[in-house]
Amino acid sequence: GDRTGNQVLSERRANAVVEFLTREYRISAERLKAAGMGSEHLLVQTPDQTPEPRNRRVHIVNLDG
């Protein structure tokens with residue numbers, strides 16, 4: 001997809017992870033921040049329209065210690 005579409009999908013993926021963590025592990029939503037990176041921060045640089053599963057990822061960072 002285009003940059004806008006990729007950004008939307010990335011944000012949806014990040015929000016889905018937050019929803020999962022709050023539902024399954026009872027982590028307070030106030031302690032979590034979802035950030036979709038879209039095609040701006042690829043793990044593996046690829047030409048446009050090239051599927052790369054490693055770019056569909058979620059990073060979880062513990063900021064509390």
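Described in the following lines is the structure provided in the data block. (Residues numbered from 1 in each chain as written. Predicted model: local features only at pLDDT ≥ 70, side-chain atom pairs only at ≥ 80, totals over all residues. Heavy atoms only, no water.)

Here we take up the overall build of the protein chain. When its secondary structure is counted, the protein chain shows one helix and zero strands. Per-residue burial for the protein chain yields a buried fraction of 12% across its 65 residues. Long-range pairs, those at least 24 residues apart, make up 44% of the contacts in the protein chain between residues at least 6 apart in sequence. Surface exposure of the protein chain reaches about 5,600 Å², of which carbon and sulfur atoms provide 51%. The average position of the 10 basic charges and that of the 9 acidic charges among the side chains of the protein chain differ by 3 Å. (Helix = DSSP H or I, 4+ residues; strand = E, 2+ residues; numbered from the N terminus. Buried < 20%, exposed > 50% of the residue type's maximum accessible area, 1.4 Å probe, protein only. Contact = heavy atoms within 4.5 Å. Areas by Shrake-Rupley, 256 points an atom, 1.4 Å probe, with all protein chains shown as cover. Lys, Arg positive; Asp, Glu negative; His and termini not counted. Charge placed at Lys NZ, Arg CZ, Asp CG, Glu CD.)

A few words now on the layout of surface pockets. Its volume calculated, the largest pocket comes out at about 1,400 Å³. Every residue lining the largest pocket is counted, 41 residues in all, and those nearest its centre are Ser10, Ala35, Gly36, Met37 and Arg57. Counted by class, the lining of the largest pocket contains 17 nonpolar, 14 polar and 10 charged residues. (1 Å grid on protein atoms, 1.4 Å probe; cavity = no way out; pocket = protein on both sides within 12 Å on 5 of 7 lines; lining within 4 Å. Points joined across faces, edges and corners; volume = space filled by probe spheres on them. Nonpolar A, V, L, I, M, F, W, Y, C, P; charged D, E, K, R; others polar.)

So, on to the packing of aromatic side chains. Under the defined criterion, the tally for this structure stands at one aromatic pair. Between Phe20 and Tyr25, the ring centres sit 5.9 Å apart and the planes meet at 70°, which makes this aromatic pair edge-to-face. You can call Phe20 partly exposed: its relative accessible area is 38%. Residue classification places Tyr25 among the exposed positions, given a relative accessible area of 55%. (Phe/Tyr/Trp six-rings, centres within 6.5 Å; stacked < 30°, edge-to-face > 60°.)

Applying the stated criterion to the full structure yields three salt bridges. When the shortest N-O distance is used, the salt bridge between Arg23 and Glu24 registers 3.3 Å. Arg23 gets classed as partly exposed once you look at its relative accessible area, which sits at 48%. Glu24 gets classed as partly exposed once you look at its relative accessible area, which sits at 45%. Residue Arg54 pairs with Glu52 through a salt bridge whose shortest N-O separation is 2.8 Å. (Salt bridge = Lys/Arg side-chain N within 4 Å of Asp/Glu carboxyl O.)

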